[in-house]
Amino acid sequence: MTTASKTFVVGATGLLGSQIASALLDQGAPVRALVRPGTKGDKRAALAALEARGLELVEGDIPDPPQKLAAAIGDATTVISAVQGGPELIVDGQVTLVRAAERGGARRFIPSDFAIDITKLEDGDNFMIDWRRQAATAYGDTSLDVISVLNGAFYEVMIGFMGIVDWEAGTVAHWGDADQPLDMTSVADTAAFTAAVALDPQAKGTQRFAGEVLSMRRFHQALERATGRSLALKRLGTADELRAEITRRAGLTQNPFEYVGLQYQWCMVTGKAKFDSLDNDKYPQVKPGSLEDFAREAAPEA
Ligand SMILES: NC(=O)c1ccc[n+]([C@@H]2O[C@H](COP(=O)([O-])OP(=O)(O)OC[C@H]3O[C@@H](n4cnc5c(N)ncnc54)[C@H](OP(=O)(O)O)[C@@H]3O)[C@@H](O)[C@H]2O)c1
């Protein structure tokens, strides 16, 4: 349902945030985006395309003081954070944003969660998710309604960043039980669900969506059908062996981003961060695409 109230998007130059802004504009909703000073090149061009569709831009940066950010938020009633970064942004920056939103008179905040079920995980399971839970605790006293949108893993990440699929070698490598169901959604569909939530005055609490719930075995079959290629499904070890591998890698580097993909996989293949139920049916206007259709477009040519 579309309302006349304005949404403020932070991260509109990013992968997800740009598509959230676009999905809101598709619904005819007024949107203002915070853009960092000095944004240029492809990001500026993408913003200009959104601007031509009605996006309002305001310059600012998350470390800006709350009164400056509050002025940028202006008359927006819902603030969506789709930022990505370290704890200074995900924890401290999002707290600043919440304080600014309160000061500016906004009513709702959608944090930069967009993940597997972060409510079911514990400290140490995944350091990037730890920051999101720390942020939620730090702004837990807010007067705003906080609505967390969770989408499982992006299809884009499942066939790319996660390192599961090696297109050159023709392998799909997984840990744990090949029949464990996993939640996944494309970036575009996550954006469409987020826009639907933002425009739903009844939305509250944590909202869980999945474009598909697929086991690794079915994921592998979908990729084979999509590409017409024969891909080998390789089991790398048990979930416990994956945990040991994460510990081993953590001992070799100061940079946790080098093993965060494995932490995401562990949270998924153990079933620990699996959604217990989905909220897709609340927004039947969003018709998420299948992994197979996505891969038909996105997989590299053999
Ligand atoms: N479930 C999944 O599989 C999955 C995968 C990837 C991401 N995600 C989640 O999706 C969300 C967005 O991630 P993304 O991949 O879209 O991120 P991204 O492409 O890296 O974009 C990050 C955005 O944050 C903005 N930003 C960074 N620092 C900022 C600051 N100090 N002040 C204001 N804006 C700032 C960036 O602006 P500039 O352009 O100015 O740098 C950019 O617009 C995150 O919560 C992330 O964890 C989920």
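What this report covers is the structure whose coordinates are included nearby. Computed from a prediction, not measured in an experiment: that's the story for all the values here.

Next up on the list: the site of the ligand. Around the ligand sit 25 residues in total, of which Thr 13, Arg 36, Lys 43, Ser 112 and Phe 154 are the nearest. Between the ligand and Leu 15, the relevant distance is 2.9 Å, taken from an oxygen atom to a main-chain nitrogen or oxygen of the residue. Taking Arg 36, its side chain carries an N or O atom lying 2.8 Å from an oxygen atom of the ligand. The protein chains hide 82% of the 920 Å² of surface that the ligand would expose on its own. Elements represented by at least two residues in the shell around the ligand include exactly helix H1 (15-26) and strand E7 (153-154). Grouping the constituent residues of the shell around the ligand by class yields 13 nonpolar, 7 polar and 5 charged.

The strands making up a sheet associate through backbone hydrogen bonding, with each pair oriented either parallel or antiparallel. Pairing is mixed across the open sheet formed by 3 strands, whose spatial order is E7-E10-E12. If you trace the sheet from one side to the other, it starts and ends with E7 and strand E12 (212-214), each paired once. As defined by bridge partners, E7 adjoins strand E10 (residues 182-185) across 2 bridges and the pair is classed as parallel. Its bridge partner lying in E10, Phe 154 is registered against Thr 185. Across the sheet, helix H8 (residues 216-227) touches E10 and E12, and the angle it forms with E12 is around 110°.

Looking now at the packing of helix H3 (residues 66-73) against helix H4 (residues 87-104). Working note: a packed helix pair is described by the angle between its axes plus the distance between those axes. In contact at an axis separation of 8 Å, H3 and H4 are set at 60° when each is read in the N-to-C sense. As the angle between them shows, H3 and H4 are arranged oblique. Between H3 and H4 lies a crossing whose hand is right-handed. Of the residues in H4, those in contact with Pro 66, Gln 67, Leu 69, Ala 70 and Ile 73 of H3 are Thr 96, Leu 97, Ala 100, Ala 101, Arg 103 and Gly 104. Looking at the contact of H3 with H4 residue by residue, the class counts come to 7 nonpolar, 3 polar and 1 charged.

Within the fold, His 174 resides in strand E9 (residues 171-175). In this structure His 174 comes out as buried when scored by relative accessible area, which is 3%. Setting aside its immediate chain neighbours within four residues, His 174 contacts Met 216, Leu 233, Lys 234, Arg 235, Leu 236 and Gly 237.

With that settled, consider the side chain of Thr 142. Checked against the element boundaries, Thr 142 lands in the loop between helix H5 (127-138) and strand E6 (145-150). On the accessibility criterion, Thr 142 (13% relative accessible area) is buried. A polar side-chain atom of Thr 142 sits 3.0 Å from the main-chain amide nitrogen of Leu 144. Thr 142 has contacts with Val 98, Arg 99 and Glu 102, leaving out every residue within four places of it along the chain.

For the rest of this paragraph, the subject is the packing of helix H9 (residues 239-250) against helix H10 (residues 260-269). Relative to each other, H9 and H10 sit at 160°, their axes nearing to 10 Å. In terms of orientation, H9 and H10 fall into the roughly antiparallel class. Between H9 and H10 lies a crossing whose hand is left-handed. Residue-level inspection shows Ala 239, Leu 242, Arg 243, Glu 245, Ile 246 and Arg 249 of H9 in contact with H10, the latter providing Leu 262, Gln 263, Gln 265, Trp 266 and Val 269. In the contact of H9 with H10, the residues fall into 6 nonpolar, 2 polar and 3 charged.

Attention shifts here to the packing of aromatic side chains. Per the counting criterion, the structure on display carries 8 aromatic pairs. Centre to centre, the rings of Phe 127 and Trp 131 are 5.2 Å apart; their planes meet at 75°, and the pair counts as edge-to-face. Note that Phe 127 and Trp 131 are positioned in helix H5 at a spacing of 4 residues, about one turn of the helix. On the basis of relative accessibility, which here comes to 13%, the residue Trp 131 falls in the buried class. Directly above the ring of Trp 266 sits Arg 243, whose terminal nitrogen or CZ lies 4.1 Å from the centroid.

Calculation notes
Residues numbered from 1 in each chain as written. Predicted model: local features only at pLDDT ≥ 70, side-chain atom pairs only at ≥ 80, totals over all residues. Heavy atoms only, no water. Near = heavy atom within 4 Å. Polar contact = N/O pair within 3.5 Å; in protein donor to acceptor, adjacent residues only side chain to side chain. Areas by Shrake-Rupley, 256 points an atom, 1.4 Å probe, with all protein chains shown as cover. Helix = DSSP H or I, 4+ residues; strand = E, 2+ residues; numbered from the N terminus. Nonpolar A, V, L, I, M, F, W, Y, C, P; charged D, E, K, R; others polar. Pairing = 2+ DSSP bridges. Contact = heavy atoms within 4.5 Å. Axes fitted to C-alpha atoms, helices over the stretch in contact; angles between N-to-C directions. Parallel < 35°, antiparallel > 145°, perpendicular 65-115°, else oblique. Left-handed = near helix turned anticlockwise from the far one by under 90°. Buried < 20%, exposed > 50% of the residue type's maximum accessible area, 1.4 Å probe, protein only. Phe/Tyr/Trp six-rings, centres within 6.5 Å; stacked < 30°, edge-to-face > 60°. Lys NZ or Arg CZ within 6 Å of the ring centre and 35° of its normal.

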